[in-house]
Structure formats: C-alpha cells, structure tokens
Amino acid sequence: MSSQNTPSTPPAPPPVLLLEALTRVHGSGATEVQALRGIDLAVYPGELVAVMGPSGSGKSSLLTLAGGLDVPTSGRVVVEGTDLTAASRKQVAALRRHSIGYVFQDYNLIPALTAAENVALPRELDGISSRSARREALALLAEMGLEQLADRFPDEMSGGQQQRVAVARALVGDRRLVLADEPTGALDSETAEAVLALLRNRCDAGAACVLVTHESRFATWADRVVLVRDGSVVDITLRSSEASLLTGGTAQ
Ligand code: ADP
Ligand code: MG
C-alpha cells in the first residue's frame, strides 16, 4: 500500500451515540428543575465513556435520554444514525430492542421471570427462537459467574447477583450501545472489576458504552471520562492517546 495515499488521520467512523445541545427540564414554575443544560457528546464504536459527577448532576437524566427512555426538552439524540427525537415511538422501541442495552440503577428485573428468562427476553423480543435465546442467556450468565443461578427468581438472589443478571440482560445479543447506570453499585470490588472487564471486552469488540459511575477507580477502564456538574459537561479527560484520533486529534 502506498503511504502517499494514506491519509495521516483516518476518517472517524460515525458515532454510535450522538447527543447535541441536549436539555431536559423537569416540572415547571417554582418546581422547575434543569436536569440537563446543553450536553454535547459523541461516543464512537469501541469506546467506553465513563460519566462521573455529584449526585443530582444529571447523569441518570443523560443516560435515560440516550436510551430513548425519556424525551429531551430540546436538542437531539442520535443512535446509529437515527434521530430518536424525530423517530416514531415504534422506531424508538425497535432501536432500543435491537441496538441498546440498558442497565438500570435499580436493576428492573422482571420478578416473575427467572434469571435466564430475564436475560433471554430481549432476544425473544428480537424474534429468535426461545431455545437459542436461552442458550445465549446461559452463556452470558456463565460469563458473569452466575450459571448456577439461572433458574432462580430475582427475589431469590442477592442485590449483587441481580445486578449482574441486569448487566447480562443488557449485553445479550451484541447490542451496539450499552448504557449502564452505576452497574457496580451493589458489587464487591472483585466482582465489580469483572463486570467492568466484560463491558471493556464488548467495547473492544466494537460496541459503544456509556458507564455512569461514582468511583474513579472504575474510570481507569474508560477511554474518556466525562465530568458532569449541574447538568453541564465541565470536563472531558482522555485516557488513551488513541482516543484523540476520534476527536480529530484536537484534544491533547
Ligand atoms: P444523577 O443521576 O446525577 O444523580 P439525575 O439525572 O437523577 O442526577 O437528576 C438530575 C436533577 O434532575 C436532580 O436535581 C433531580 O432531582 C432532577 N430530576 C431527575 N428526574 C426528575 C423527575 N422525573 N422529576 C423531577 N426532577 C427530576
Ligand atoms: Mg443517578
């Protein structure tokens, strides 16, 4: 290959997630809360972005908007090229099913389904056979060290176990965008590191991941750390020199 024809900076791939001038106001009048005040953020394939900031700074608001679970007051949310703010509810639901894995802060497992059924459900909704969905679910549960809990119901598991099942549910089916809100909150540090390693693997395989975390030690797994305060991004730290390519080499 001739080096003359090789551009010095490879063209950046399109972002998996793009947030543009995103605002979210809750309530009105005296009870009005500006949860987000104009967030711009792009997350590219292969990137793990950690979002940090004090309680109430808007981290969960950012994530629910990115996941199409809430609608912004203004601005745009684009996932895999689809503008969620312009799409129909049906399109948003389909995109969420196929492309977005979401780990809720309070797990949100379905109480009447076993661990394996909870993890298999998104795949069944994708339309694959129950048998294949269960096989995928069991493989992921095994990766999380939970194979022996496959047939337990959420109320038969500890908080940490439920949290890992919730992570497995978000990762099943190779979703391109994984959004995780404090996915390690109920885990001991060894298990938390294992969950982070799993998210990191997904990113290394091409997924984009946004991880909300309090704990700076988990930020070491991230390519970038985005610091949010009072609904605004106040700082972005790059963790690796490679990441600067993704921003066109403009950051240090
Ligand atoms: P974080 O996840 O960083 O703790 P949140 O995104 O949950 O922050 O909240 C940001 C701000 O928005 C807080 O002041 C919170 O009280 C407010 N907020 C979040 N959700 C709602 C809601 N549904 N109704 C009213 N206020 C909300
Ligand atoms: Mg939160």
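Cut-offs and rules
Residues numbered from 1 in each chain as written. Chains lettered and ligands numbered in written order. Predicted model: local features only at pLDDT ≥ 70, side-chain atom pairs only at ≥ 80, totals over all residues. Heavy atoms only, no water. Phe/Tyr/Trp six-rings, centres within 6.5 Å; stacked < 30°, edge-to-face > 60°. Buried < 20%, exposed > 50% of the residue type's maximum accessible area, 1.4 Å probe, protein only. Near = heavy atom within 4 Å. Polar contact = N/O pair within 3.5 Å; in protein donor to acceptor, adjacent residues only side chain to side chain. Areas by Shrake-Rupley, 256 points an atom, 1.4 Å probe, with all protein chains shown as cover. Helix = DSSP H or I, 4+ residues; strand = E, 2+ residues; numbered from the N terminus. Pairing = 2+ DSSP bridges. Axes fitted to C-alpha atoms, helices over the stretch in contact; angles between N-to-C directions. Lys, Arg positive; Asp, Glu negative; His and termini not counted. Salt bridge = Lys/Arg side-chain N within 4 Å of Asp/Glu carboxyl O. Contact = heavy atoms within 4.5 Å. Parallel < 35°, antiparallel > 145°, perpendicular 65-115°, else oblique. Left-handed = near helix turned anticlockwise from the far one by under 90°. pLDDT = per-residue confidence, 0-100.

Section: the packing of aromatic side chains
Phase 1: Counted by the stated rule, this structure contains 1 aromatic pair.
Phase 2: Note on Tyr102 and Phe104: the rings are 4.6 Å apart at their centroids and 40° apart in plane angle, and the pair reads as tilted.
Phase 3: Exposure remark for Tyr102: the relative accessible area of 11% places this residue in the buried category.

Thoughts on the site of ligand 1
Phase 1: His26, Val33, Ala35, Pro54, Ser55, Gly56, Ser57, Gly58, Lys59, Ser60 and Ser61 make up every residue found near ligand 1.
Phase 2: A distance of 3.2 Å is found between a nitrogen atom of ligand 1 and a side-chain nitrogen or oxygen belonging to His26.
Phase 3: Contact distances for ligand 1 include 2.7 Å between an oxygen atom and a backbone N or O atom of Gly56.
Phase 4: Starting from 560 Å² of accessible surface for ligand 1 in isolation, the protein chains cover 57%.
Phase 5: Only strand 2 (33-43) and helix 1 (59-66) provide two or more residues apiece to the shell around ligand 1.
Phase 6: Looking at the shell around ligand 1, the element that brings in the most residues is helix 1, giving 3 residues.

Considering the sheet that holds strand 9 (residues 224-229)
Phase 1: A sheet is described by the order of its strands in space; here 6 strands give the open sequence 6-7-8-3-9-10, paired in mixed fashion. The open sheet has two edge strands, strand 6 (100-103) and strand 10 (232-238), and neither has a second partner. Pairwise comparison of adjacent strand axes, ignoring direction, gives a mean angle of 15° for this sheet.
Phase 2: Relative to strand 9, strand 3 (residues 48-52) runs parallel, the two being bridged by 4 bridges. Its bridge partner lying in strand 9, Val49 is registered against Arg224.

Re the side chain of Arg169
Phase 1: Residue position: Arg169 is located in helix 5 (residues 159-171).
Phase 2: Of the buried charged residues, Arg169 lacks a salt bridge, with Asp106 as the closest side chain of opposite charge at 7.9 Å.
Phase 3: Those residues in contact with Arg169 that sit more than four places away from it in its chain are Phe104, Tyr107, Asn108, Leu109, Ile110, Asn118, Val119 and Pro122.

Overview of the packing of helix 3 (residues 115-126) against helix 4 (residues 130-143)
Phase 1: The contact between helix 3 and helix 4 brings their axes to 8 Å, and the two run at 125°. One element, helix 3, and the other, helix 4, form an angle in the oblique class. The handedness of the crossing between helix 3 and helix 4 is right-handed. Contacts from Ala115, Ala116, Val119, Ala120, Arg123 and Glu124 in helix 3 reach Ser130, Ala133, Arg134, Glu136, Ala137, Leu138 and Leu141 in helix 4.

A short note on the pattern of salt bridges
Phase 1: In the structure shown here, the tally under the stated rule is 13 salt bridges.
Phase 2: In this structure, Arg123 engages Glu136 in a salt bridge whose closest nitrogen and oxygen atoms are separated by 2.7 Å. Placement of the pair is Arg123 in helix 3 and Glu136 in helix 4, with a sequence separation of 13 residues.
Phase 3: Among the residues examined, Arg123 registers a relative accessible area of 14% and is labelled buried.
Phase 4: Residue classification places Glu136 among the partly exposed residues on the basis of a relative accessible area of 27%.
Phase 5: Its salt-bridge partner being Asp204, residue Arg200 comes within 2.9 Å of it at the nearest N-O pair.

Structural notes on the pairing of strand 1 (residues 17-26)
Phase 1: Note: strand 1 against strand 2, 8 bridges, orientation antiparallel. Across the sheet, the residue bridging to Leu22 is Ile39, located in strand 2.
Phase 2: Two successive antiparallel strands, strand 1 and strand 2, enclose a turn made up of 6 residues, where Gly27 displays a positive phi of approximately 70°.
Phase 3: As paired strands, strand 1 and strand 4 (residues 74-79) are joined by 5 bridges and run antiparallel to one another. Across the sheet, residue Thr23 finds its bridge partner in strand 4, namely Ser74.

Remarks on the confidence of the model for the chain
Phase 1: Looking at the chain, the pLDDT average stands at 90 and 92% of residues meet or exceed 70.
Phase 2: For residues 241-252, every residue scores under 50 in pLDDT, and the model assigns this stretch 12 contacts once sequence neighbours within four places are set aside.

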